[in-house]
Amino acid sequence: MLLSRRFLISACLILAALLGSMNAYALRCGSNLVDEGDLKFKVLQACGEPISREIIGYVDRLQVGDRVRVMNIEEWIYKVSGDYQSLEFEGNKLVKITAVR
């Protein structure tokens, strides 16, 4: 009984540590929520204009046959509740949300 209780406590602590170290996957702007996979249009409607917009690179996406589609990688910075959040877009799609430290 004592061993199973220790195991349960250890498992809970490990799970809490893993969840605390993960990147944020959603951002709350007021009463709106934006999530990875959302389009730029939805992010602009939910959060307004970012304080910074930068093109930080390009990505190639293979299409059917030999055609290659090149998309901008763009970073938008928002200040939400005193913290800065970086939103990374590939083309028109939000692919990554991270806290800026």
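Above: the structure in question.
Before going into details, it helps to say that this report is about the structure given with it. (Residues numbered from 1 in each chain as written. Predicted model: local features only at pLDDT ≥ 70, side-chain atom pairs only at ≥ 80, totals over all residues. Heavy atoms only, no water.)

1. Focus: the side chain of Glu74
Next up, step 1: By the secondary structure assignment, Glu74 is in strand 4 (residues 68–80).
Next up, step 2: In terms of polar contacts, Glu74 uses its side chain to reach the side chain of Trp76, at 3.0 Å.
Next up, step 3: In contact with Glu74, not counting residues within four places along its chain, are Lys40, Arg53, Glu54, Ile55, Leu87, Glu88 and Phe89. (Helix = DSSP H or I, 4+ residues; strand = E, 2+ residues; numbered from the N terminus. Polar contact = N/O pair within 3.5 Å; in protein donor to acceptor, adjacent residues only side chain to side chain. Contact = heavy atoms within 4.5 Å.)

2. So, the state of the cysteines
Next up, step 1: With the rule as written, the count across this model stands at one disulfide.
Next up, step 2: Put simply, Cys29 and Cys47 are joined by a disulfide, and their sulfur atoms are 1.9 Å apart. Judged by the sign of its S-S torsion, about 80°, the bond between Cys29 and Cys47 is right-handed. Of this pair, Cys29 sits in strand 1 (residues 26–29) while Cys47 sits in helix 2 (residues 40–47), and the two are 18 residues apart along the sequence. Here Cys29 and Cys47 have matching classes, each one buried. (Disulfide = S-S within 2.5 Å. Buried < 20%, exposed > 50% of the residue type's maximum accessible area, 1.4 Å probe, protein only.)

3. Here's the deal with the pattern of salt bridges
Next up, step 1: Using the criterion set out here, one finds three salt bridges in the structure.
Next up, step 2: Two residues, Lys42 and Asp38, come together in a salt bridge whose shortest N-O distance is 3.4 Å.
Next up, step 3: A salt bridge links Glu49 to Arg53, with the shortest nitrogen-to-oxygen separation between them at 3.5 Å.
Next up, step 4: Using a relative accessible area of 57% as the deciding quantity, one classes Glu49 as exposed.
Next up, step 5: Taking the relative accessible area as the measure of exposure, Arg53 reaches 38% and is therefore partly exposed. (Salt bridge = Lys/Arg side-chain N within 4 Å of Asp/Glu carboxyl O.)

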